[in-house]
Amino acid sequence: MPTSTVRPAWALLCLLAVASPALAADYWVKNGGIDAANGLSVATAWATLPHAANEVGPGDTVHVLDGNYQGFYQETSGTAGNPITWKAEGSAVAITSDNATTPDGINLEGASYVVIDGFIVNDRTRTGIRAVLASHVTVRNCHLGHNGRWGILTGFVDDFIAEFNEAHHSQIEHGIYVSNSADRPIVRNNWVHDNNGNGLHFNGDASLGGDGLIEDALVENNVIHGNGIAGGSGINMDGGTGGVIRNNLLFDNHASGISLYRIDASAGARNNLVVNNTILSASDGRWCINISDGSTGNTLRNNILYSAHSFRGVISIDSSSVAGFSSDYNSLMNRFSLNGGGSVVPLTTWQAQGYDTHSFLAVPGDHFLAPGSDFHLKATSPALDTGTATNAPSSDLEGNPRPVGSGVDMGAYELQLLECGDGGIDPGEQCGEPGLSCSDPCTSCAGCTCAQQTPVCGDALVCGDETCESDGDCGGGLVCQGCQCMNPSPCTSGIDLRKPKQTLRASTGQLSLKAEAVIPQPWSAVNPPVNGLRVLIDSVSAPGSVDVTLPGGAAWSTNGAGNRWMYRDPAGSIAGVTKVVVQNRSNKEPGLLKLTMKGKGGSFVLPDASSVRTTVVFGAALECAQHLWNGPAAPRPRCDGDASRLTCK
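Values in this document were obtained by computation on a predicted structure and should not be read as measured data.

1. Description of the overall build of the protein
Looking only at helices and strands, the protein has five helices and 55 strands in total. On C-alpha atoms alone, the protein measures out to a radius of gyration of 28 Å, which is about the 26 Å that the 2.2 N^0.38 rule sets for 649 residues. Seen through its principal axes, the protein has C-alpha atoms that stretch 100 × 70 × 60 Å. Relative to its 649 residues, the protein shows a buried fraction of 52%. Restricting the contact set of the protein to residue pairs at least 6 apart, pairs at least 24 apart contribute 59%. On the protein, roughly 26400 Å² of surface is accessible, and the fraction owed to carbon and sulfur atoms is 52%. Looking at the protein, you have 38 positive and 61 negative side-chain charges, and the mean spots of the two groups are 14 Å apart.

2. Re the packing of aromatic side chains
Under the definition given, this model contains 10 aromatic pairs. Geometrically, the ring pair formed by Phe368 and Phe375 is edge-to-face, given 5.3 Å between the ring centres and 80° between the ring planes. In this structure, Phe368 and Phe375 share a single accessibility class: buried. Linked through ring pairs, Phe325, Phe336, Trp350 and Tyr355 together constitute an aromatic cluster. Against the face of Trp150 rests Arg149, its NZ or CZ located 5.7 Å from the ring centre.

3. Section: the pairing of strand S23 (residues 233-238)
Looking along a regular strand, one sees the side chains alternate between the two faces of the sheet. Counting buried residues in S23 gives six out of six residues, a clear majority hidden from the surface. Sheet topology note: the strand S19 (residues 200-203)/S23 ladder contains four bridges and is parallel. Its bridge partner being in S23, Leu200 is matched across the sheet by Ile235. Across five bridges, S23 lies against strand S27 (residues 256-261) in parallel orientation. In the strand pairing of S27, Met237 is matched with Leu260.

4. What about the side chain of Arg301?
Note on placement: Arg301 falls in strand S31 (residues 299-301). There is no salt bridge for the buried Arg301, and the closest opposite charge comes from Asp328, which lies 5.7 Å off by N-O distance. Not counting chain neighbours up to four residues away, the residues in contact with Arg301 comprise Val274, Val275, Asn276, Ser326, Ser327, Asp328, Tyr329, Asn330 and Thr388.

5. Brief notes about the pattern of salt bridges
Overall, the coordinates contain 14 salt bridges when judged by the stated rule. Glu163 is paired through a salt bridge with Arg188; the nearest N and O atoms lie 2.8 Å apart. Of the two residues, Glu163 is situated in strand S14 (residues 161-163) and Arg188 in strand S17 (residues 186-188); the sequence distance between them amounts to 25 residues. One salt bridge in this structure joins Arg534 and Asp547, with 2.7 Å as the shortest N-O distance. Taken together, the positions of Arg534 in strand S46 (residues 533-539) and Asp547 in strand S47 (residues 545-550) put the pair 13 residues apart, joining distant regions of the chain. For Arg534, a relative accessible area of 26% puts it in the partly exposed group. Linked by salt bridges that have partners in common, Arg140, Glu163 and Arg188 make up one network.

6. A look at the nonpolar core
Residues Trp86, Ile116 and Phe119 are the most contacted members of the largest nonpolar core, which totals 72 residues. Sequence-distant contacts of Ile116, that is, excluding residues within four places in its chain, are made with Phe72, Trp86, Ile106, Leu108, Ile129, Thr138, Val139, Arg140 and Cys142.

7. Considering the sheet that holds strand S4 (residues 73-74)
An order of S4-S7-S10-S13-S16-S19-S23-S27-S30-S33-S36 is seen for the 11 strands of this open sheet, with the pairing classed as parallel. The open sheet has two edge strands, S4 and strand S36 (336-337), and neither has a second partner. As paired elements, strand S10 (residues 127-135) and strand S13 (residues 150-158) share seven bridges and run parallel to each other. Directly across from Ile129, in S13, lies its bridge partner Ile152.

8. Details of the sheet that holds S31
With parallel pairing, the 12 strands of this open sheet are ordered in space as S1-S2-S5-S8-S11-S14-S17-S21-S25-S28-S31-S34. Either end of the sheet is taken by a strand with one partner, and the two such strands are strand S1 (26-29) and strand S34 (326-328). Strand-to-strand twist in this sheet, taken as the mean axis angle between neighbours without regard to direction, amounts to 10°. The pairing of strand S21 (residues 218-220) with strand S25 (residues 244-246) spans three bridges and is parallel. Bridging from a neighbouring strand, Val219 pairs with Ile245 of S25.

9. Digging into the state of the cysteines
If you walk through the whole model with that rule in mind, you get eight disulfides. One disulfide in the model links Cys431 with Cys445; its S-S distance is 2.1 Å. Between Cys431 and Cys445, the S-S dihedral sits near 95°, and the bridge is therefore right-handed. With Cys431 in the loop between strand S39 (374-377) and strand S40 (443-446) and Cys445 in strand S40, this pair connects stretches of sequence that are 14 residues apart. For Cys431, a relative accessible area of 1% puts it in the buried group. One disulfide bridge connects Cys474 with Cys485, the sulfur atoms lying 2.0 Å from each other. As the torsion about the S-S bond is roughly -85°, the Cys474-Cys485 disulfide counts as left-handed. Here the residue Cys474 occupies a position in the loop between strand S41 (449-452) and strand S42 (479-481), and Cys485 occupies one in strand S43 (residues 484-486), the gap between them amounting to 11 residues. Residue classification places Cys474 among the buried positions, given a relative accessible area of 14%. According to the relative accessible area criterion, Cys485 is buried, its value standing at 15%.

Reading the values: the criteria
- Residues numbered from 1 in each chain as written.
- Predicted model: local features only at pLDDT ≥ 70, side-chain atom pairs only at ≥ 80, totals over all residues.
- Heavy atoms only, no water.
- Helix = DSSP H or I, 4+ residues; strand = E, 2+ residues; numbered from the N terminus.
- Rg over C-alpha atoms; globule rule 2.2 N^0.38 Å.
- Buried < 20%, exposed > 50% of the residue type's maximum accessible area, 1.4 Å probe, protein only.
- Contact = heavy atoms within 4.5 Å.
- Areas by Shrake-Rupley, 256 points an atom, 1.4 Å probe, with all protein chains shown as cover.
- Lys, Arg positive; Asp, Glu negative; His and termini not counted.
- Charge placed at Lys NZ, Arg CZ, Asp CG, Glu CD.
- Phe/Tyr/Trp six-rings, centres within 6.5 Å; stacked < 30°, edge-to-face > 60°.
- Lys NZ or Arg CZ within 6 Å of the ring centre and 35° of its normal.
- Pairing = 2+ DSSP bridges.
- Salt bridge = Lys/Arg side-chain N within 4 Å of Asp/Glu carboxyl O.
- Core = buried A, V, L, I, M, F, W, Y, C linked by side-chain atoms within 4.5 Å.
- Axes fitted to C-alpha atoms, helices over the stretch in contact; angles between N-to-C directions.
- Disulfide = S-S within 2.5 Å.

What follows is the structure in structure tokens.
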């Protein structure tokens with residue numbers, strides 16, 4: 001009897017199950033659960049977090065019910081679109097013993113794209129929550145108290161977010177510590193108090209590898225007090241560069257307020273913006289703002305600064321840090337230092353250096369409703385409407401709109417209109433009362449003033465920094481992508497190229513590109529020897545591009561393990577490209593691809609350095625990644641150069 005070519009239905013189902021990726025799952029953990037159960041409901045919940053950490057994958061959420069638990073150690077990563085989330089489902093989900101591997105409560109070891117939300121992690125041997133050798137880790141709504149050394153520690157973690165946490169009484173060191181060459185950390189809306197060392201500590205740690213810099217940090221809306229008995233700062237920036245420190249309230253810290261300096265970084269803390277902070281140093285504290293060790297290019301604006309120390313004051317800078325330094329529109333006291341705290345000079349001497357022309361002297365009683373306990377501005381404060389709008393945040397520490405009235409208030413709080421909503425039209429009110437409304441559709445009423453609302457892409461309104469809502473809003477052959485008029489792009493995946501670095505020279509046709517990207521698996525067409533590779537370096541909206549399409553074929557080779565593809569063409573017959581290496585590093589992080597491209601002798605018309613876009617198409621249409629570079633003099637990653645040379649890193 002001949003063999004049938006028709007598979008039975010059960011066989012087809014099995015094949016489909018093998019071919020389809022696993023779906024994201026919601027798992028549950030509770031005291032009294034059973035690890036041998038499936039964990040997919042409260043009734044079948046697991047008992048322990050370590051078991052859950054061994055089972056989760058990209059897109060999974062672990063819901064944890066109130067109770068006491070041993071901490072966990074996780075090495076599995078999520079992905080850009082499918083993070084792994086740990087969610088406390090009550091107000092009493094507590095880690096009461098260290099994980100079994102490290103002396104920490106929760107430890108993420110090389111685990112990227114992970115969210116930790118709502119856990120209580122107190123009294124751990126070393127750290128409440130630790131994350132190292134990863135990226136895109138978020139810790140929010142967690143309570144971290146009385147831990148042995150740190151509340152939160154990260155090491156070599158790019159794109160870290162800490163928000164809405166309380167970190168207090170760390171016994172040896174800091175509340176939140178971002179270390180080891182981490183880029184783009186965001187630390188916001190945290191309450192950080194009574195830690196033995198720094199409240200927030202950012203350390204480039206050049207001695208431990210990497211570039212030794214903390215680049216492009218955003219530190220905002222934090223309340224930081226009572227820290228530094230053992231020394232340190234409310235906010236410590238050792239090698240922080242290109243950061244923004246805004247809307248923070250620092251008071252009663254026993255060492256420094258904000259320190260921009262270098263000890264173990266590869267360079268000083270450079271090109272940071274310190275704006276709309278309220279800083280009051282304790283009587284046993286140091287300077288409100290310290291700038292030293294070659295920390296050049298820093299800008300201070302709209303800050304309220306005061307020190308209760310007997311001889312120290314508000315701003316100390318040393319001679320190695322004055323290049324590019326700018327300070328103005330601040331409320332100050334009459335004590336400064338131009339030699340790193342070695343001696344004190346008055347405001348007149350300070351202003352003779354070109355600093356704080358529009359600033360003034362004031363004491364806490366001039367400003368606050370209750371100096372020492374309530375730092376909201378009173379109606380007679382000289383800080384009202386006297387700040388500058390340049391680089392000022394659009395909201396204050398509490399999320400209220402800024403500005404209210406005729407100008408920006410100094411300090412972390414913007415005085416709101418106290419009679420808003422009483423039915424009468426009072427001075428300064430623009431909306432929110434009978435007969436008043438906002439005429440601009442891109443504004444909304446907040447606190448009886450018309451505030452620019454956050455642009456919403458897709459709402460048919462071109463607002464803020466949007467340039468379009470549809471292709472019809474653009475001209476010149478441009479298309480609307482992400483509400484910006486852009487040159488058409490072959491990539492719309494939304495995946496960002498990581499660690500990109502490129503150099504192009506038009507005169508010699510030199511091309512060098514290094515980058516990596518995480519392309520979600522399973523891949524459909526990532527196979528360069530068969531399907532080739534495309535690299536496009538163009539401008540977002542202006543002429544000029546370098547477009548390299550390498551087809552599959554004999555120029556490609558594959559190593560024995562099948563995880564490294566190499567293109568060689570000594571003649572550089574396509575755009576001068578002589579060598580390309582694509583590596584599949586999924587063993588390190590699922591979907592991770594690394595690219596190196598070199599060439600010389602092509603014919604290039606370089607894009608303008610102010611709006612460079614680099615795109616790599618590894619396979620099918622959405623198996624691609626893209627990076628939009630900042631322009632010259634902007635924070636890194638940025639492009640510098642002209643029509644003959646372009647360097648981006």
